[in-house]
Amino acid sequence: MQTIIILDHGSQYTQLIARKIRELNVYCEIHPFNNPPAFDKDVVGVVLSGSPYSVRDNDAPQPDLWFKGKIPVLGICYGAQYMVNAFGGKVEQSNIREYGRAVLTSIDDTCKLMKGITLGSQVWASHGDTIESMPANYKIICSTATVKNAGYHIEGEDTYAIQFHPEVHHSVEGKQILQNFLVDVCGCKQDWTSDNFVTATVKDLKAKLGNDKVVLGLSGGVDSSVAAMLLNEAVGKNLNCIFVDNGLLRKNEFASVMESYKGMGLNVTGVDASQMFYAALEGLKDPEQKRKAIGKTFIEVFDRQATKIKDVKWLAQGTIYPDVIESCSVKGPSATIKSHHNVGGLPDYMKLQIVEPLRALFKDEVRRVGKVLGLKEELLSRHPFPGPGLAIRILSDVTQEKVRILQEVDSIFIEGLKREGLYNKVWQAGVMLLPVQSVGVMGDERTYENVVALRAVESVDGMTADWSHLPYDFLADMSNNIINNVKGVNRVCYDISSKPPATIEWE
Ligand code: XMP
């Protein structure tokens, strides 16, 4: 399969480059600049990403460009500046730091990369350095009012570079530039589609798994559900799914999701382990300790169930691409802020081989694959829900009573969003139960009850998020509904924090 390699120098936009390339139906992979893969014949081009570093920094990333001149290369921002600095040109700190919008004031329309790009097109730049002078065989292909060397082509090579970011939304014709690189320079056929992914993956899974038994933990979420459907196509009844009720799911979720899974023909066993989880969480207040206790209990329950399946050889996981990238971060920006236990949480003694059919996909691609496989809309369009469930939305210690209160509030909020046609407009919504009590008055009685905070965010991938501007009338309706119907709650707040600097969950 034709592959583009993206060498990551730590830019916040690297994943966005990959997503845009995938949207153009070309397969690509992100690799750290200092740990590139061996290039096989499938590699048809390389993209050099941006970076938070300046090429003039002592500890700046120094990729080995052995492939330059042999296969097509596109340098973006730092990537563009690096290829100038490393081969005899000059990159200096710019007098006019170019951040944000700029427009192209000249374009070389004979250049393959700039085909169809219009003069005056808006581009998005984010660099404090600029290319002052270039080696002799570097030819300018576009300029902005303040940056003469905004893009170049190295003559005699299929090497191109631009100092602005074609991958961001604000570069209006950025996608066209990427397409020009992929199709006109690299010769990509644009045949990486969800249908082809399903056909190829099912074929690979059949070859890899043969007649072996596979066990998979289902969570009710999109990722594990889509992984299950792919494996079901490949190995049918040899796939054994386990769905654990950890007592931290949404109201009625266990029963309704079990029902859906059975309707999809999956071989699934439901295990009610709520009491084990509550016992493991008893008295724990620290968020990370809570996560660890839940992770450990999950593995105990799952393991006990999995060992009942005779001769099982494989453990399937719904790991997706951002998990893989995050867990092998360069010294770049994606430091671990919370310990997500989705990756690598398997104890040695299970001795199972791992199969991860979605390992190469971004979340939106998983949804598209789910659609091709006929996954029900209600599962497909579900908001993400954290593995540790309501436990990390109950601040401080978790009790069964607090879970009950939160389930009731959450259900009113989520059902309200659905009723008002807002559910699919927000990326994720939920409610936090705060470890705070406040004074209220109901009838003639003074109350002293719990406070809840509603949270709804807009996002693409959860890495950054903005709070959703839900209508005031809707929020007012939710507040009334919650306080009147859920005993134990007398105050409702709405969280208006973006990520960063806040996170989506409160713990
Ligand atoms: P944060 O709170 O880090 O969340 O902004 C980003 C996304 O990750 C989800 N999340 C988790 N998912 N295990 C999970 O499986 C976890 O421990 C966990 N913590 C946060 C969160 O719901 C959001 O979608």
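Placed above this text is the structure.
The following paragraphs examine the structure supplied in this document. Model, not experiment: these values are computed from the prediction. (Residues numbered from 1 in each chain as written. Predicted model: local features only at pLDDT ≥ 70, side-chain atom pairs only at ≥ 80, totals over all residues. Heavy atoms only, no water.)

### Brief notes about the pattern of salt bridges
Then step 1. One pass over the structure, following the stated rule, counts 20 salt bridges.
Then step 2. Where arginine 19 meets aspartate 364, a salt bridge forms, and the shortest distance between an N and an O atom there is 3.8 Å. Of this pair, arginine 19 sits in helix 1 (residues 14-23) while aspartate 364 sits in helix 10 (residues 363-372), and the two are 345 residues apart along the sequence.
Then step 3. Residue aspartate 364 is classed as partly exposed on the basis of its relative accessible area, which comes to 26%.
Then step 4. The closest approach of N and O atoms between arginine 382 and glutamate 253, which form a salt bridge, is 2.9 Å. Here glutamate 253 lies in helix 6 (residues 253-263) and arginine 382 lies in the loop between helix 11 (377-380) and helix 12 (400-419), a separation of 129 residues in the sequence. (Salt bridge = Lys/Arg side-chain N within 4 Å of Asp/Glu carboxyl O. Helix = DSSP H or I, 4+ residues; strand = E, 2+ residues; numbered from the N terminus. Buried < 20%, exposed > 50% of the residue type's maximum accessible area, 1.4 Å probe, protein only.)

### Describing the packing of helix 7 (residues 274-281) against helix 8 (residues 287-306)
Then step 1. Look at helix 7 against helix 8: their axes get within 9 Å of each other, and the N-to-C directions meet at 145 degrees. When you trace helix 7 past helix 8, the crossing you get is right-handed. Where helix 7 approaches helix 8, its residues Met276, Phe277, Ala280 and Leu281 are matched on the opposing element by Lys290, Ala293, Ile294, Thr297, Phe298, Glu300, Val301 and Arg304.
Then step 2. Along the lines of polarity and charge, the residues of the contact of helix 7 with helix 8 split into eight nonpolar, one polar and three charged. (Axes fitted to C-alpha atoms, helices over the stretch in contact; angles between N-to-C directions. Left-handed = near helix turned anticlockwise from the far one by under 90°. Contact = heavy atoms within 4.5 Å. Nonpolar A, V, L, I, M, F, W, Y, C, P; charged D, E, K, R; others polar.)

### Considering the sheet that holds strand 11 (residues 239-245)
Then step 1. With parallel pairing, five strands are arranged side by side in an open sheet as 12-11-10-13-14. A single partner strand is all that each edge strand has here, and the edge strands are strand 12 (268-272) and strand 14 (353-355). On average, adjacent strands in this sheet sit at an angle of 30 degrees to one another, irrespective of strand direction.
Then step 2. Where strand 10 (residues 213-218) meets strand 11, five bridges bridge the pair, whose relative direction is parallel. From the neighbouring strand, leucine 218 faces strand 11, where its bridge partner is phenylalanine 243.
Then step 3. Its contacts with the sheet place helix 5 (residues 222-235) against strand 10, strand 11 and strand 13 (312-316), and it is angled at close to 160 degrees to strand 10.
Then step 4. Across the sheet, helix 8 lies against strand 10, strand 11, strand 12 and strand 13, angled at about 140 degrees from strand 11, the strand it touches most. (Pairing = 2+ DSSP bridges.)

### Structural notes on helix 5
Note: α-helices contain 3.6 residues per turn, so residues at a spacing of three or four share the same orientation.
Then step 1. Here helix 5 is 14 residues long and its end C-alpha atoms lie 20 Å apart, about the 20 Å a rise of 1.5 Å per residue gives.
Then step 2. Among the 14 residues that make up helix 5, twelve are buried, leaving the element largely enclosed by the rest of the structure.
Then step 3. Those residues of helix 5 lying buried are Val222, Asp223, Ser224, Ser225, Val226, Ala227, Ala228, Met229, Leu230, Leu231, Ala234 and Val235.
Then step 4. Count one or two residues on from helix 5 and you reach glycine 236, which has phi positive near 55 degrees. (Expected span 1.5 Å × (residues − 1).)

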